[in-house]
Amino acid sequence: MALAEQNLHTLLGSNAHEITGAGGYLAEAGGKRIRPLLTALGARAVGVEGDMSRLMCVGELIHLGSLLHDDVVDDAEARRGKRAAQHVHGNALVILTGDFCLARGVLLASEEGGHACVSGLAEAVLAMSEGEVLQLRRAGCLDTTREEYLDIIDRKSAALIAWCSAVGAHVLDDADRARAMESFGRAVGVAFQITDDVLDYGGLVGETGKGVGKDLRDRKLTLPLLIALERDPGLRAALAEAPSEDALPALVQRVRATGALESALTEAREWVDRSLTHLNVLPPSPYRSALEDLARYLADRVS
């Protein structure tokens, strides 16, 4: 992981120094680095040997590029405790830096993994783009269904996590294990996003560092709000228009009072349980055990 982190900052380098500055600004802000970790553990679990630190950077580069683009689309104020990059470097440069990250990631997948790796990555990026557009289309729509919500997060979040989990099997040209690891990663990715959506309401332990209530302010139909609307019919009328900043805290508490956060996390844990069944294709190893632990952590984390 330490070597992958070094490589990530090297890969963000460019003769166009403005790109290095904008990409490094976000990378240096931190992040969980879940995608490099899943890449490493998944690859070791299927038997990949040798230095994987550059391959581990692919998913993180794609993730960074998508975050840069998302913050421009959403006009986000902050990311990872810092001002969002476009407020420091400008929209144009941040969009182009996001393009750079995506292109660098695809090229790196080709160099480190070959055709199957880069083909699968292209499919994941395609799904991410579609998921973001579908989410944009449904923004503020209180009629979004649970099936539509799951389809969106499967595309925009789970697709890349699935690729990271399976890329080691693709390197070995092991199609059966690649399919199993993709299924594992996809279910983990859904659980990860559900938990992320719960954290937007402060999680079970109360307010976190994430801007609490942002999804509700934007009337984004995530699983906690979908459940809350089922249990508190009057909530729909209260959200007929985007809530003011003054009204937001009370509305967050109203969602919390329905027990929607606990129910959403129960569903996230069910997705994790489902994910672990796909690891049965792997022999017992410390890497398989770590994948199991990581999957459970991603559903139960508090930040």
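The preceding data block contains the structure.
Residues numbered from 1 in each chain as written. Predicted model: local features only at pLDDT ≥ 70, side-chain atom pairs only at ≥ 80, totals over all residues. Heavy atoms only, no water.

1. Examining a nonpolar patch on the surface
Taken together, the side chains of L204, V205 and V302 make up a nonpolar region of the molecular surface, amounting to roughly 280 Å² of accessible area. Among the secondary structure elements, V205 is positioned in the loop between α9 (175-199) and α10 (214-217). Residue V205 is classed as exposed on the basis of its relative accessible area of 63%. (Patch = residues over 30% accessible without salt bridge, like charges linked within 9 Å, V, L, I, M, F, W, Y side chains within 5 Å. Areas by Shrake-Rupley, 256 points an atom, 1.4 Å probe, with all protein chains shown as cover. Salt bridge = Lys/Arg side-chain N within 4 Å of Asp/Glu carboxyl O. Helix = DSSP H or I, 4+ residues; strand = E, 2+ residues; numbered from the N terminus. Buried < 20%, exposed > 50% of the residue type's maximum accessible area, 1.4 Å probe, protein only.)

2. Looking at the nonpolar core
Counting 88 residues, the largest nonpolar core has W163, F184, L216, L225 and L291 as the members making the most contacts within it. Beyond its immediate sequence surroundings of up to four residues, F184 is in contact with L38, S165, S275, L276, H278, L279, L291 and A295. (Core = buried A, V, L, I, M, F, W, Y, C linked by side-chain atoms within 4.5 Å. Contact = heavy atoms within 4.5 Å.)

3. Regarding helix α6 (residues 91-113)
With 23 residues, α6 should cover 33 Å at 1.5 Å per step; its first-to-last C-alpha distance of 33 Å lies within 8% of that length. Contacts from the buried residues of α6 go to α1 (2-11), α2 (17-27), α4 (57-74), α5 (85-89), α7 (115-138) and α8 (146-171). Looking one or two residues beyond α6, the residue adopting positive phi is G114, at roughly 90°. (Expected span 1.5 Å × (residues − 1).)

4. Considering unusual backbone geometry
Here the phi dihedral of R33 falls at roughly 55°; this positive angle occurs in a residue that is not glycine. By the secondary structure assignment, R33 is in the loop between α2 and α3 (34-46). Despite not being glycine, R80 shows a phi value in the positive range, around 55°. The residue R80 is located in the loop between β1 (78-79) and β2 (82-83) in this model.

5. Some details on the environment of F192
With respect to the secondary-structure elements, F192 resides in helix α9. For F192, a relative accessible area of 10% translates into the label buried. Residues F192 and A268 lie 76 residues apart in sequence; the distance between their C-alpha atoms is 7.4 Å.

6. Focus: the packing of helix α11 (residues 223-231) against helix α14 (residues 260-277)
The interhelical angle for the contact between α11 and α14, taken along N-to-C directions, is 125°, at an axis separation of 8 Å. Judged by the angle between their axes, α11 and α14 are oblique. In this structure, α11 crosses over α14, and the sense of that crossing is right-handed. Contact residues: α11 offers L223, P224, I227, A228 and R231, while α14 offers A260, L261, S263, A264 and E267. Grouping the constituent residues of the contact of α11 with α14 by class yields 7 nonpolar, 1 polar and 2 charged. (Axes fitted to C-alpha atoms, helices over the stretch in contact; angles between N-to-C directions. Parallel < 35°, antiparallel > 145°, perpendicular 65-115°, else oblique. Left-handed = near helix turned anticlockwise from the far one by under 90°. Nonpolar A, V, L, I, M, F, W, Y, C, P; charged D, E, K, R; others polar.)

7. Brief notes about the state of the cysteines
Tallying each qualifying case throughout the model produces 0 disulfides. Free of any disulfide, C101 has its nearest cysteine sulfur in C57, 11 Å distant. Note on C101: relative accessible area 0%, which makes it buried. (Disulfide = S-S within 2.5 Å.)

8. Digging into the packing of α14 against helix α15 (residues 286-300)
The geometry of α14 relative to α15 is characterised by a closest axis approach of 9 Å and an angle of 165° between their N-to-C directions. Judged on the interaxial angle alone, α15 and α14 are roughly antiparallel. Of the two elements, α14 crosses α15, and the hand of that crossing is right-handed. Contacts between α14 and α15 pair L265, A268, R269, V272, S275 and L276 from the former with E292, A295, R296, A299 and D300 from the latter. Of the residues assigned to the contact of α14 with α15, the class counts are 6 nonpolar, 1 polar and 4 charged.

9. Topic: α1
Within α1 the residues assigned to the buried category are A4, N7, L8 and L11. Along α1, the residues classed as buried sweep out an arc of 105° about the axis, all on the same side. Looking at α1, the residues exposed on the side facing more than 90 degrees away from the buried face are A2, Q6 and T10. Here the buried face of α1 lies against α4 and α6. (Arc of directions from axis to C-beta.)

10. Here we look at the pattern of salt bridges
Taken as a whole and judged by the stated rule, the model has 22 salt bridges. The salt bridge involving E112 is made with R54; its shortest N-O contact spans 2.9 Å. Of the two residues, E112 is situated in helix α6 and R54 in the loop between α3 and α4; the sequence distance between them amounts to 58 residues. Ionic pairing is found between D196 and R301, a salt bridge with its closest N-O pair at 3.0 Å.

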